[in-house]
Amino acid sequence: MKRMTGSALAIVALVGLAGCSSDDIAESIVERAVEADTDGDVDIDLSDGEFSVETEDGSFEITTDEDGNVVMQAEDAEGNQVFSADSEDGVTQIQTEDGDATITQTGEGDDAEVVIETEDGTATYSQSGDLPDDFPEIPLPDDMAVLMSQQSDAGEGVSNVLVASAPGDWEGYLDELTSFLEDNGYTQQSLTTTPDGAFFQYVDASETMFVSGGVADDPSSGGMSLNLAIGPN
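### Quick look at unusual backbone geometry
Phase 1 of the analysis: The residue Asp143 is not glycine, and still its phi comes out positive at about 55°.
Phase 2 of the analysis: Among the secondary structure elements, Asp143 is positioned in the loop between strand S9 (121-126) and strand S10 (145-153).
Phase 3 of the analysis: The backbone phi angle of Glu207 is positive, close to 55°, even though this residue is not glycine.
Phase 4 of the analysis: Its place among the elements puts Glu207 in the loop between strand S13 (197-203) and strand S14 (209-218).

### Observations concerning the confidence of the model for the protein
Phase 1 of the analysis: The predicted model of the protein averages 76 in pLDDT, with 74% of residues at 70 or higher.
Phase 2 of the analysis: Considering each helix and strand of the protein separately, the mean pLDDT is smallest for helix H1 (residues 6-18), with a value of 37, and largest for helix H3 (residues 170-183), with 96.
Phase 3 of the analysis: Taken as a whole, residues 1-40 scores under 50 in pLDDT and shows 47 contacts with residues more than four places along the chain or in a different chain.

### Considering the pairing of S13
Phase 1 of the analysis: Taken across its seven residues, S13 has five buried, putting it largely inside the fold.
Phase 2 of the analysis: Bridge count for strand S12 (residues 187-194) against S13 is seven bridges, and the pairing is antiparallel. Bridge pairing links Gln188 to Tyr202 in S13.
Phase 3 of the analysis: With seven bridges joining them, S13 and S14 adopt antiparallel strand pairing. The residue of S14 that forms the bridge with Val203 is Phe210.
Phase 4 of the analysis: As consecutive antiparallel partners, S13 and S14 are separated by five residues, and within that stretch Glu207 has a phi angle of approximately 55°, a positive value.

### What about the environment of Asp134?
Phase 1 of the analysis: Tracing the backbone through its elements, the reader meets Asp134 in the loop between S9 and S10.
Phase 2 of the analysis: Sequence separation between Asp134 and Gln151 is 17 residues, and the spatial gap between their C-alpha atoms is 9.7 Å.
Phase 3 of the analysis: At 2.9 Å, the side chain of Asp134 forms a polar contact with the side chain of Gln151.

### Some thoughts on the nonpolar core
What tends to happen in soluble globular proteins is that the nonpolar side chains get buried as a cluster.
Phase 1 of the analysis: The biggest cluster of nonpolar side chains holds 22 residues, and the ones touching the most others in it are Leu162 and Leu228.
Phase 2 of the analysis: Going through the elements one at a time, strand S11 (158-166), H3, S13, S14 and strand S15 (223-232) are the ones with two or more residues in this core.
Phase 3 of the analysis: When residues in this core are grouped by element, the largest group, five residues, is from H3.
Phase 4 of the analysis: Excluding its chain neighbours within four sequence positions, the residues that come into contact with Leu228 are Ile138, Leu140, Asn160, Val161, Leu162, Tyr173, Leu177, Phe200, Val211, Ser212 and Gly213.

### Considering the environment of Gly172
Phase 1 of the analysis: By secondary structure assignment, the location of Gly172 is in helix H3.
Phase 2 of the analysis: Classification of Gly172 by relative accessible area gives partly exposed; the value is 33%.
Phase 3 of the analysis: It is 9.7 Å that separates the C-alpha atoms of Gly172 and Pro141, two residues lying 31 residues apart in sequence.

Reading the values: the criteria
Residues numbered from 1 in each chain as written. Predicted model: local features only at pLDDT ≥ 70, side-chain atom pairs only at ≥ 80, totals over all residues. Heavy atoms only, no water. Helix = DSSP H or I, 4+ residues; strand = E, 2+ residues; numbered from the N terminus. pLDDT = per-residue confidence, 0-100. Contact = heavy atoms within 4.5 Å. Buried < 20%, exposed > 50% of the residue type's maximum accessible area, 1.4 Å probe, protein only. Pairing = 2+ DSSP bridges. Polar contact = N/O pair within 3.5 Å; in protein donor to acceptor, adjacent residues only side chain to side chain. Core = buried A, V, L, I, M, F, W, Y, C linked by side-chain atoms within 4.5 Å.

What follows is the structure in structure tokens.
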């Protein structure tokens, strides 16, 4: 099944969100956009607030059930289901040709947390401002504000991603972090610095774990921004 490129998807989304007063006009616009990207005939249905796309390679549909839950599904040209998703009470069940997944969302706004579970492992995304209890013990800036954290385990070890901001200068923190890593058996794989920030990667002595990321000036806060990825190499 062919994928629509960004331009077609953007037009589809905009027309769908706009709630165009004339379905015929909206459908015509979207059909032409998708046809230009897929080189095939396309039939669009935007009736009753629902959305569907049909091409010679298959179809994709978004509907809402009687309880107001969003349901998505896709079929190939032979009518075989290749993707489906049902969402209810913050839990989305996804089925694809390559495997199934469960997405659970709890909380709202800054307290939102999303957990994605697949047969290969689990990933947790959080904007709560808190790090997982078992986050690796490395130096972190004082008064750091966590913007996003992710923890996942695909069977080869736990990986962590951190996006944050903090007061202070990035150069001082970079010196502190790299000194800690070198004192604990990590070797530098790469380090690129600019007047505004730096990017780095370190690997432990056994080459089984890595720490990589970047630090930079954060003009919006007058401090620094921080991105870290830590996991099995």
